[in-house]
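Each chain is listed here by its residues.
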Protein chains: 2
Amino acid sequence: MVRDPYLLDRNALNFSGGPGVLPARVLDELREAIRSAPGAGLSILGISHRSDWFAELLAQTEQDLRQLLGLPDDYAVLFLQGGASLQFTMIPMHLLRGRAQAAEYLRTGYWSAKSIPAARLEGRVRILWDGENEGFRRLPRADELEPSADAAYLHYVSNETVEGLQFHWVPGRDDVIRVCDMSSDFLSYPFDPTRFALIYAHAQKNLGPAGVTLVILRRELLEHPSAGLPEILDYRAHLKAHSLYNTPPVFAIYAVSRVLRWLIEEIGGLERMLSLNRGKAKRLYSVIDRYPELYLGWAAPQDRSLMNVVFRLPSPEREAEFLRQAERAGCSGLRGHRALGGIRASLYNAMTPGAVEQLAQFMEEFAAKG
Amino acid sequence: MVRDPYLLDRNALNFSGGPGVLPARVLDELREAIRSAPGAGLSILGISHRSDWFAELLAQTEQDLRQLLGLPDDYAVLFLQGGASLQFTMIPMHLLRGRAQAAEYLRTGYWSAKSIPAARLEGRVRILWDGENEGFRRLPRADELEPSADAAYLHYVSNETVEGLQFHWVPGRDDVIRVCDMSSDFLSYPFDPTRFALIYAHAQKNLGPAGVTLVILRRELLEHPSAGLPEILDYRAHLKAHSLYNTPPVFAIYAVSRVLRWLIEEIGGLERMLSLNRGKAKRLYSVIDRYPELYLGWAAPQDRSLMNVVFRLPSPEREAEFLRQAERAGCSGLRGHRALGGIRASLYNAMTPGAVEQLAQFMEEFAAKG
């Protein structure tokens, strides 16, 4: 068995659901930047967000993102604080408040369920599909959805991190505002951004450390502003100020900039990223499928996530033993989300194929030992 | 002239208004933690906020803060995102919404003026004192204020970062909810926290890097909740979840934990911090007072800030020359806030007396050269 020497580093074997693993190269760059950010001659932690240096960093980061996504100019890019959870509120504040129409939500798992109460405070909400009766083990099929032509918007979560469910198609109608929480699979595959009116993603899965949230929105969405929005919660204020309405999380944004460079320079773009992600997930699901009596996959096969591989073992004792032995093998962060229990192996972009191979081999050895 | 060898490091001579200088020891600890956080065996950037390790870190950080402030148990401590600017909104959402009384605001400079519009969205606001007519060059005297006994609350900013004005006394009534934005002088001096119902401070001056905001509030404030608050903007949700309502900015909180340890272990507490801060400010103001025709101090002497020393030179050309030469002498971040221009030397806690001495000597040499 060939093991990448890098795998001796526990950071590479961090299968946490988030904050997740970051590329080794990015960790090195961040350490260096705490001493002295290249071109600035100062610690990244003491650099003014009003400096020319940071303005250039923000512009380059946005440009890298636009290049990766093929994002047209009629979309704005915002770097905000508050996580996806603040977007659960800001989105209906902007797009539902004072509207007669209902917003339509797909309730497909833990996180999409969390996104709904804040919307109800702002207007009418229609749950277009609810997966709870089936235990959130599968996503809807296209023929099960009847999205309205006159909805305020349709909201869904592209990847349910807790349950390990991922949409491999785009639900909703192209003539209705489509809003997508891509927090846990953003930049893990290529997609057509013009099918979305608003995309948001916190950083701590594929983008960087916790503390910054990306919002990408079609500028025309802001033409009919809601009443009574405080500026700090108003996309227009952040857009006008180029994400410098107030002091941004400079370090987290710098980390995102490094991750994007890594994606462009080391990985080579989103097609290649998808190919790597498919290979990693396939390797792990193949172990699950080979030992179906030991590894009980959670998600229906057609909706399996490439990012979060969720499974149970036949008993809590076996699960505890699995986690203990995995930890001894250097693999951490495998405990399932507290809402669901079980095991979850998160395979975000920065998780190397070599690290996944090491986990897969551990799982095979664990199964072979009975 | 004796120069501390440490001063060769440009990070020590960063006089930026914020994000500001951090202690050299903390920068070293943060670099190490990006490789491996002590006791966790993983990069701080990949550690789960739901781990026991992080729960312990949060608890210890809160305990250190309580120790430094002498904070009683009937106060809660929250670590939030969104900066002081989000607090401008959250505070009136909690304490003004649906109330008949007016909130009273002291309008003493750039930042306190910024805090007011969001309050007006939630209820009646009375400007108790407005320094704009006098160009925000001084703070009110106690005998100029007539705070109401029935105000919803009184809000003020303890240190106006832009103008370099600092309250050296506590305005307002002890029988009215007193709310203070201490973003730019928090933990720079000892004070009696029980005179305040709510204190808030973003991190990027004395506490850590941008990205986390501290809110300290008397628990009884939350007994009469406002209607219609989304959970993410509700202090009760964050309190109940021990600041883990959603993924917190782990790295920024870790940095705060290291700064607090530095304050306790290396500085020795807030009395000593104040003494150091007084010495630093005195040194710089003494240069200003010795060359009153060259260095035109902004703040009235009785209201001079220990944190931000703001002054102008007789012409924009002289100011540009000053900044050029200062930069050559290794001193950065001295350009005044864009709203005011001129020069600003910020002397936050982590700025060493040796670094201030180096700036003071530069200013003397600049003055001597005419």
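Every value quoted in this text rests on a predicted model; they were computed, and no experiment measured them. (Residues numbered from 1 in each chain as written. Chains lettered and ligands numbered in written order. Predicted model: local features only at pLDDT ≥ 70, side-chain atom pairs only at ≥ 80, totals over all residues. Heavy atoms only, no water.)

**Student:** If you had to explain the domain arrangement of chain A to someone new, which residues and values would you point to?
**Tutor:** Residue and element names in this part refer to chain A. Taken domain by domain, chain A holds domain 1 (5-22 + 269-369) and domain 2 (28-265). Put simply, the middle of domain 1 and the middle of domain 2, counted by C-alpha atoms, are 26 Å apart. Considering only the surface of domain 1 that becomes buried against domain 2, L270, W298 and D303 emerge as the three largest contributors, covering 27% of it. Here domain 1 is connected to domain 2 by 0 salt bridges. Taken together, the links from domain 1 to domain 2 amount to 18 residue pairs in polar contact (both at pLDDT 80 or more). Only α8 (270-290) and β11 (308-312) provide two or more residues apiece to the side of domain 1 that touches domain 2. With 6 residues, the top contributor of residues to the side of domain 1 that touches domain 2 is α8. (Domains from an automatic or database assignment. Buried area = accessible area lost by both parts, 1.4 Å probe. Salt bridge = Lys/Arg side-chain N within 4 Å of Asp/Glu carboxyl O. Polar contact = N/O pair within 3.5 Å; in protein donor to acceptor, adjacent residues only side chain to side chain. Helix = DSSP H or I, 4+ residues; strand = E, 2+ residues; numbered from the N terminus.)

**Student:** So what about the packing of aromatic side chains? Which residues, and what values?
**Tutor:** All names here are of chain A. For the structure shown, the criterion picks out 31 aromatic pairs over all chains. Taken together, the aromatic side chains of Y291, Y295, F311, F322, F362 and F366 make up a single cluster linked through ring pairs. One Lys or Arg, R137, reaches over the ring of W298 and ends 4.1 Å from the middle of that ring. (Phe/Tyr/Trp six-rings, centres within 6.5 Å; stacked < 30°, edge-to-face > 60°. Lys NZ or Arg CZ within 6 Å of the ring centre and 35° of its normal.)

**Student:** Talk me through the pairing of strand β8 (residues 198-202) of chain B; I want residue IDs and the actual numbers.
**Tutor:** Residues and elements named next belong to chain B. Counting buried residues in β8 gives 5 out of 5 residues, a clear majority hidden from the surface. Every second residue of β8 is oriented toward a common face, with L198, Y200 and H202 on one face and I199 and A201 on the other, all of them buried. By the bridge criterion, 3 bridges tie strand β7 (residues 178-181) to β8 in an arrangement that is parallel. In the sheet register, C180 faces β8, and the bridge partner there is I199. (Buried < 20%, exposed > 50% of the residue type's maximum accessible area, 1.4 Å probe, protein only. Pairing = 2+ DSSP bridges.)

**Student:** Outline the pattern of salt bridges, listing residues and values.
**Tutor:** Under the definition given, this model contains 54 salt bridges over all chains. As a salt-bridge pair, E319 of chain A and R312 of chain A come within 3.4 Å of each other at their nearest N and O atoms. Classification of R312 of chain A by relative accessible area gives partly exposed; the value is 30%. Salt-bridge contacts for E132 of chain B lead to R107 of chain B; the nearest nitrogen and oxygen are separated by 2.7 Å. With E132 of chain B in the loop between β3 (125-130) and β4 (153-157) and R107 of chain B in strand β2 (residues 103-107), this residue pair connects regions lying 25 residues apart in the sequence. When salt bridges that share partners are traced, they join R25, E29, D64, R261, E265 and E266 of chain A into one network.

**Student:** Give a description of the packing of helix α1 (residues 24-35) of chain A against helix α7 (residues 250-267) of chain A that names residues and reports values.
**Tutor:** All names here are of chain A. Their axes nearest at 10 Å, the elements α1 and α7 cross at an angle of 140°. Here α1 lies oblique to α7, going by the angle between them. Seen along the crossing, α1 lies across α7 with a hand that is right-handed. Counted together, R25, V26, E29, L30, A33 and I34 of α1 and F251, Y254, A255, R258, V259, R261, W262, E265 and E266 of α7 form the full contact between these two elements. In terms of residue class, the contact of α1 with α7 is made up of 9 nonpolar, no polar and 6 charged. (Axes fitted to C-alpha atoms, helices over the stretch in contact; angles between N-to-C directions. Parallel < 35°, antiparallel > 145°, perpendicular 65-115°, else oblique. Left-handed = near helix turned anticlockwise from the far one by under 90°. Contact = heavy atoms within 4.5 Å. Nonpolar A, V, L, I, M, F, W, Y, C, P; charged D, E, K, R; others polar.)

**Student:** Tell me about the interface of chain A and chain B, and name the residues and values.
**Tutor:** On the side of chain B, 51 residues touch chain A, which itself brings 50 residues to the contact. Here chain A packs against chain B, burying approximately 4000 Å² in sum over the two surfaces, 60% of which is carbon and sulfur. The interface formed by chain A and chain B holds 0 salt bridges in total. At the boundary of chain A with chain B, the tally comes to 15 residue pairs in polar contact (both at pLDDT 80 or more).

**Student:** Provide a residue-level description of the sheet that holds strand β7 (residues 178-181) of chain A, including the pertinent values.
**Tutor:** Strand pairs in the sheet, formed through backbone hydrogen bonds, run parallel or antiparallel to each other. All names here are of chain A. An order of β1-β9-β8-β7-β4-β2-β3 is seen for the 7 strands of this open sheet, with the pairing classed as mixed. Two strands lie at the open edges of the sheet, namely β1 (75-80) and β3 (125-130), each paired on one side alone. Neighbouring strand axes in the sheet, compared pairwise and without regard to direction, differ in orientation by 15° on average. Here strand β4 (residues 153-157) runs beside β7; their pairing, made up of 4 bridges, is parallel. Bridge pairing in β7 places V157 opposite D181. Running at roughly 160° to strand β8 (residues 198-202), helix α3 (residues 83-95) makes contact with β1, β2 (103-107), β4, β7, β8 and β9 (213-218) of the sheet.

**Student:** How would you explain the environment of S43 of chain A if you had to name every residue and give the values?
**Tutor:** As for its position among the elements, S43 of chain A is in the loop between α1 and α2 (52-69). Given the relative accessible area of 3%, S43 of chain A is considered buried. Separated by 11 residues in the primary sequence, S43 of chain A and E32 of chain A place their C-alpha atoms 8.6 Å from one another. If we skip the residues at most four places from it in the chain, S43 of chain A touches A33, I34, R35 and S36 of chain A together with N11 and L27 of chain B.

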